[in-house]
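Each chain, written out:
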Amino acid sequence: MLLTNYLSTNGISDEAFAALVGVTSHGVRKWRYGERVPRPDQMRKISEVTAGKVQPNDFILEAGNAA
């Protein structure tokens, strides 16, 4: 599941998700819109926080679609 879809579906703001993952809301927006891919440690935390709904491959597949 794409991060942007997860956040929208669950009504989670960029700011709230950033606090859960330990990054800035600006960083979350970059991830949401495919402008940046999270580092491996951040991907693990995202997967943990989303109960496995957002996985590392979701970022890689999204980045491939943006090109």
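Attention here is on the structure that accompanies the text. (Residues numbered from 1 in each chain as written. Predicted model: local features only at pLDDT ≥ 70, side-chain atom pairs only at ≥ 80, totals over all residues. Heavy atoms only, no water.)

Examining the side chain of Thr 50
Here is step 1: You can see Thr 50 is positioned in the loop between α4 (40-49) and α5 (56-66).
Here is step 2: A polar side-chain atom of Thr 50 sits 3.4 Å from the main-chain carbonyl oxygen of Ser 47.
Here is step 3: In this structure, Thr 50 is in contact with Tyr 6 and Phe 17, ignoring residues within four places of it in sequence. (Helix = DSSP H or I, 4+ residues; strand = E, 2+ residues; numbered from the N terminus. Polar contact = N/O pair within 3.5 Å; in protein donor to acceptor, adjacent residues only side chain to side chain. Contact = heavy atoms within 4.5 Å.)

As for the pattern of salt bridges
Here is step 1: Here the structure, examined in full by the defined rule, presents 6 salt bridges.
Here is step 2: The salt bridge partner of Arg 32 is Asp 14, with a shortest N-O separation of 2.6 Å. Placement of Arg 32 in helix α3 (residues 25-32) and of Asp 14 in helix α2 (residues 14-21) is noted, with a sequence separation of 18 residues between them. Here Arg 32 and Asp 14 have matching classes, each one buried.
Here is step 3: One salt bridge in this structure joins Glu 35 and Lys 30, with 3.1 Å as the shortest N-O distance. (Salt bridge = Lys/Arg side-chain N within 4 Å of Asp/Glu carboxyl O. Buried < 20%, exposed > 50% of the residue type's maximum accessible area, 1.4 Å probe, protein only.)

Quick notes on unusual backbone geometry
Only a minority of non-glycine residues have a phi that is not negative, and only a minority of peptide bonds are not trans.
Here is step 1: Located in the positive-phi region is Ala 51, a residue other than glycine, with phi close to 55°.
Here is step 2: Along the chain, Ala 51 falls in the loop between α4 and α5.
Here is step 3: According to the relative accessible area criterion, Ala 51 is exposed, its value standing at 65%.

What about the packing of helix α1 (residues 3-10) against α3?
Here is step 1: Close contact between α1 and α3 brings their axes to 8 Å; oriented N to C, the two are set at 115°. Contact residues: Leu 3, Thr 4, Leu 7 and Ser 8 in α1; Val 28, Trp 31 and Arg 32 in α3.
Here is step 2: Here the contact of α1 with α3 is built from residues that sort into 4 nonpolar, 2 polar and 1 charged. (Axes fitted to C-alpha atoms, helices over the stretch in contact; angles between N-to-C directions. Nonpolar A, V, L, I, M, F, W, Y, C, P; charged D, E, K, R; others polar.)

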